[in-house]
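Structure assessment
Each chain is listed here by its residues.
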Amino acid sequence: MAETTGITIRRPDDWHLHLRDGDMLRAVLPFTARQFARAIVMPNLAPPVTTAAAAEAYRQRIADALPPGASFTPLMTCYLTDDADADEIVDGHAAGIFTAVKLYPAGATTNSANGVTDMDNVLGVLERIQEAGIPLLVHGETTDPDVDIFHREAVFIDRTLAPLLERFPGLKVVFEHITTSDAVDFVLAAGDTLAATVTAHHLMINRNALFEGGLNPHMYCLPVAKREPHRLALRKAVVSGVAKFFLGTDSAPHALSAKEAACGCAGIFSAPSAVEHYAQVFDEEGALDQFEAFASLNGPMFYGLAANDETITLKKTGGSVPGDVSVEGGVAVKPFLAGQPLTWALVD
Ligand code: NCD
Ligand code: ZN
C-alpha cells in the first residue's frame, strides 16, 4: 500500500485547554486558533472563574486577543468550589455562558487550591448539573499525599470516580487527560455517560522523559507521565475507534522562569504543534483513518454539538516545533519538544 502523505479532516476542537490571561493569553492563543475551531477553556485563573459574569468577561478577553480574521470559539467552564452556587452554574449554562463545570480536587494541580476538598460538599450541585445535562470535567487524581504520585489516578478511580458515577448515573463526566491503562479500562467498562480526553504528550512520552539527560521540567505536568505500558494503552485506546476518547491537549503554558526553577510548576505547553503531534501518533499506529473521529467528531458528539464544517489538511512534509515563544513583558514559554522535527505539518 502506498504511504499516506496527506490527510484532510474536519477542523478539530481542543476539549481541554489552558489559555491563561493578559500577555500570556495573547501570546499562546494564536497557536490554538490556527488549528482548532473551538476549545474548552479551563477556569483555573487566579482567582478562578466561578461566576457567569467572570466567564463572560474572560470570554470577551479571549475574543479580543484573537488575531484578525481568526475564527475560534472559546467554550467556557465554571471552576467548582466547596461553596459553589448551583443556580449560578445552571443559569450560566442556560444563558449559553458555561459549557461545562470543572472539578479540581483541592491541591491536585496548578491553581487548584480553591477546588473541592470533599465530594460531600458538592453533592447538591452535582445533582443540579446532572439534571441540567451539564458535563462535569474531572481532574482525576487523588490528593492523598500518602499515595504514590504515579498511582494517584488509579486510586482516584476507586475512591472517587466510581462512587461518583454510581451516585449520579445520569451525569455526563469527562475523565480528563487520562494517563493510565487503569483509566482506559475503566472508561471502556463504564456507561456512555463517561468519556475521556487524551493529551498528545501522554501519547508521546513516558516517565523516562522527565529524567533523560538530567531533570527536565518541560516534561513535567499533572497527571505526571507514567510507565511505557500505560502510554501504549493510551495509544491503543485513541486509535480503537471507540467514541468515548477524544482530543484534549491540556496545553498549559508557564513562563520559562516558573518551569526552570527550584520548584518548577506542572504544565506542558503543547499548543504550537498539537495537531501535528497527534497526527504523528495516528500515523505511527497505522490508524490515520481513525484520526478524524478522535480529533473532530467524538468530542462534539459527547457534548451534543455539531462537528465543524470546515476542514484542515496535514501533509507529511516535515517541519519543526517552534522554539521559545516570547510573551509581552519579556517572558518566554517553551513549547513541548521545542525545535524538534515534526513529521506532519498543518497546511494553512
Ligand atoms: C495545568 C495548569 O498548569 O494549569 N497543569 C498541568 O500540569 N496539566 C493544570 C492541570 O490541568 O492539571
Ligand atoms: Zn489542564
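Before reading on, note that the structure itself is shown above.
Overview of the structure. (Residues numbered from 1 in each chain as written. Chains lettered and ligands numbered in written order. Predicted model: local features only at pLDDT ≥ 70, side-chain atom pairs only at ≥ 80, totals over all residues. Heavy atoms only, no water.)

Our next topic: the pattern of salt bridges. By the definition in use, this model includes 16 salt bridges. As a salt-bridge pair, glutamate 3 and lysine 316 come within 2.5 Å of each other at their nearest N and O atoms. Linking glutamate 3 in the segment before strand S1 (6-10) with lysine 316 in the loop between strand S10 (311-315) and strand S11 (319-320), this pair joins segments that are 313 residues apart in sequence. Taking the relative accessible area as the measure of exposure, glutamate 3 reaches 55% and is therefore exposed. Residue class for lysine 316 comes out partly exposed when judged on its relative accessible area of 28%. With its nearest N and O atoms 2.8 Å apart, the salt bridge here joins arginine 59 to glutamate 56. One end of the pair is arginine 59 and the other is glutamate 56, both in helix H2 (residues 52-65) and three residues apart, which spans about a single turn. In this structure arginine 59 comes out as partly exposed when scored by relative accessible area, which is 24%. Residue classification places glutamate 56 among the partly exposed residues on the basis of a relative accessible area of 29%. Several salt bridges converge on common partners, so that one network encompasses Glu3, Asp283 and Lys316. (Salt bridge = Lys/Arg side-chain N within 4 Å of Asp/Glu carboxyl O. Helix = DSSP H or I, 4+ residues; strand = E, 2+ residues; numbered from the N terminus. Buried < 20%, exposed > 50% of the residue type's maximum accessible area, 1.4 Å probe, protein only.)

Around ligand 1 sit 15 residues in total, of which Arg20, Asn44, Thr109, Leu222 and Asp250 are the nearest. Separating an oxygen atom of ligand 1 from a backbone N or O atom of glycine 267 is a distance of 3.1 Å. When ligand 1 sits alone it has 320 Å² of accessible area, and the protein chains cover 100% of it. Per-class residue counts for the shell around ligand 1 are four nonpolar, nine polar and two charged. (Near = heavy atom within 4 Å. Polar contact = N/O pair within 3.5 Å; in protein donor to acceptor, adjacent residues only side chain to side chain. Areas by Shrake-Rupley, 256 points an atom, 1.4 Å probe, with all protein chains shown as cover. Nonpolar A, V, L, I, M, F, W, Y, C, P; charged D, E, K, R; others polar.)

This part takes up the coordination of the zinc ion (ligand 2). His16 (NE2), His18 (NE2) and Asp250 (OD) make up the full set of protein donors to the zinc ion (ligand 2), lying at 2.0 Å. Spacing between the donor residues of the zinc ion (ligand 2) along their common chain follows H-x1-H-x231-D. Residue histidine 16 is located in strand S2 (residues 14-17), and its partner aspartate 250 is located in the loop between strand S9 (245-247) and helix H9 (256-259); the two are separated by 234 residues in the primary sequence. Overall, the relative accessible area of 7% leaves aspartate 250 in the buried class. (Donors = N, O, S within 2.8 Å, 3.2 Å for Na, K, Ca; no water.)

This part is about the sheet that holds S10. Strand order in the open sheet made by the three strands is S1-S10-S15, with antiparallel pairing throughout. Both edges of this open sheet fall to S1 and strand S15 (345-347), since each of them pairs with a single strand only. Pairs of neighbouring strands in the sheet enclose a mean axial angle of 30 degrees, with direction left out of account. Pairing between S10 and S15: three bridges, direction antiparallel. Its bridge partner being in S15, lysine 315 is matched across the sheet by alanine 345. In the packing of helix H10 (residues 274-284) onto the sheet, contacts are made with S10 and S15, and the angle to S10 comes to roughly 65 degrees. Set on the sheet, helix H11 (residues 291-303) makes contact with S1 and S10; between it and S1 the angle comes to about 25 degrees. (Pairing = 2+ DSSP bridges. Axes fitted to C-alpha atoms, helices over the stretch in contact; angles between N-to-C directions. Contact = heavy atoms within 4.5 Å.)

Of all hydrophobic cores here, the largest spans 97 residues; its most connected members are Leu80, Leu136 and Phe291. Not counting residues within four places of it along the chain, the set of residues in contact with leucine 136 comprises Leu80, Val101, Leu103, Leu126, Ile129, Leu164, Leu171, Lys172, Val173 and Val174. Formed by 13 residues, the second largest nonpolar core is a distinct cluster that contains Tyr79, Leu137, Val174 and Tyr303. (Core = buried A, V, L, I, M, F, W, Y, C linked by side-chain atoms within 4.5 Å.)

Turning our eyes to something else, we now look at helix H8 (residues 228-239). Taking 1.5 Å as the rise per residue, H8 with twelve residues should run 16 Å; its terminal C-alpha atoms sit 17 Å apart, in good agreement. Here H8 has its buried residues at His230, Arg231, Ala233, Leu234, Arg235, Ala237, Val238 and Val239. Lining the buried residues of H8 we find helix H6 (181-189), strand S8 (194-198), helix H7 (200-204), S9, H10 and H11. With its phi angle positive at about 90 degrees, glycine 241 sits one or two positions after the end of H8. (Expected span 1.5 Å × (residues − 1).)

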